Amino acid sequence: MFLYTKNFDEQKAKAMEGLRQALAEGKVDEDIIALLEKINALENYFTTSSCSGRISVMEMPHFGDKVNSVWLGKWHREVTVEEVLEAVGRHSAGQLWFLVRSPILHVGARTLDDAVKLLNLAIGLGFKYSNIKSVSHKKLLVEIRSTERMDVPLGADGELWVSEDYIRRIVGIANDQLRRFKGKLKRLEEEVGKL
């Protein structure tokens, strides 16, 4: 069966308008823009959302309550121990978490064959958690995700549970993970034009 997306060109045009607006408002991670441009230049693909990956410190009222959570620090680059400690110092209530999230991209594809080609490329470059998120005549959506992730509870209600030395160690691991997934993004940028 040959599955294709109805109104693909209209969907792509709408997504490109949204991307132009997000770029104008500074809402796109700078280090992923070149990759987005390369994907969007391809006839059979367009991006719908993206994040280049991040390290963050977050205050959550309750675990999993993202709606009411507050970013105390968020970086799409390597971070210093001092920056993390400064963010931790702003904690006052709820749970305190140190988080690493790998890059994530959502890419519309014209046909199922196109979606599978992109999926296979992403997995081959180390984006092991990639998948086809939606398969229908209305939408073929590929999710590109990597495996790097860290969820470390640091404290609660203004109390820090860990030492500065421990924070120094997890910041080192987080920066290693960030370098790893930023390298994967660069390889994807180099290879995506071959689709």
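Note that the structure is predicted; figures quoted are calculated from it, not measured. Along each chain, residues carry numbers from 1 onward, in the same order as the chain's sequence is written. Given that the model is predicted, a residue must reach a pLDDT of at least 70 before its local features are reported, and side-chain atom pairs must reach 80 or more before they are shown or counted; all residues, however, enter totals for whole chains, interfaces and linings. For side-chain calculations, the full set of non-hydrogen atoms in the structure is used, while hydrogens and water are omitted.

Visitor: Quick one: what's the story with the overall build of the chain, residue by residue and with numbers?
Guide: Strands are runs of DSSP state E lasting at least 2 residues, helices are runs of H or I lasting at least 4, and numbering of each runs from the N terminus. Helix and strand counts for the chain stand at five helices and nine strands. Reading the chain from its N terminus to its C terminus gives the helix and strand order α-α-β-β-β-α-β-β-α-β-β-β-β-α. With the principal axes as the frame, the chain shows a C-alpha extent of 55 × 35 × 30 Å. Between buried and exposed lies partly exposed: a residue is buried under 20% and exposed over 50% of the maximum accessible area for its type, with that area taken using a 1.4 Å probe on protein chains only. Here the chain holds 195 residues, and the buried ones make up 47% of them. Taking the intrachain contacts of the chain between residues at least 6 apart in sequence as the baseline, contacts between residues at least 24 apart amount to 71%. By definition in these notes, contact holds between two residues if any of their heavy atoms fall within 4.5 Å.

Visitor: Report on the packing of aromatic side chains, specifying residues and quantitative values.
Guide: Pairs of aromatic rings are described using the distance from one ring centre to the other and the angle between the two planes. The rule is short: rings of Phe, Tyr and Trp, with Trp giving its six-membered ring, pair when the centres are within 6.5 Å, and they are stacked under 30 degrees, edge-to-face over 60, tilted in between. Under the counting rule described, the total for this entry stands at two aromatic pairs. Measuring from centroid to centroid gives 5.1 Å for Phe63 and Trp97, while their planes differ by 45 degrees, and the two rings are tilted. Taken together, the residues Phe63 in the loop between β2 (54–60) and β3 (70–75) and Trp97 in strand β4 (residues 95–101) connect sequence positions 34 residues apart. The class for Phe63 is exposed, based on a relative accessible area of 56%. Judged by its relative accessible area of 11%, Trp97 falls in the buried class. The rule is short: NZ of Lys or CZ of Arg within 6 Å of the ring centre and within 35 degrees of the ring normal puts a charge over the ring. For the cation-ring pair, Lys74 lies above Trp71, with the distance from its terminal atom to the ring centre recorded as 4.7 Å.

Visitor: Please give an account of the sheet that holds strand β7 (residues 140–145) that cites residues and values.
Guide: One open sheet holds the four strands; their spatial order is β1-β5-β7-β6, and the pairing between them is antiparallel. With partners counted over all chains shown, the strands left at the sheet margins are β1 (45–51) and β6 (131–135), one partner each. Ignoring which end each strand starts from, the neighbouring axes of this sheet average 20 degrees apart. Summarising the sheet, β6 and β7 pair through four bridges and their orientation is antiparallel. Residue pairing in the sheet places Val135 in a bridge with Leu140 of β7. If DSSP finds at least two bridges between two strands, the strands pair. Lines fitted to the C-alpha atoms define the axes, with helices restricted to the stretch that makes contact. Angles between their N-to-C directions range from 0 to 180 degrees.

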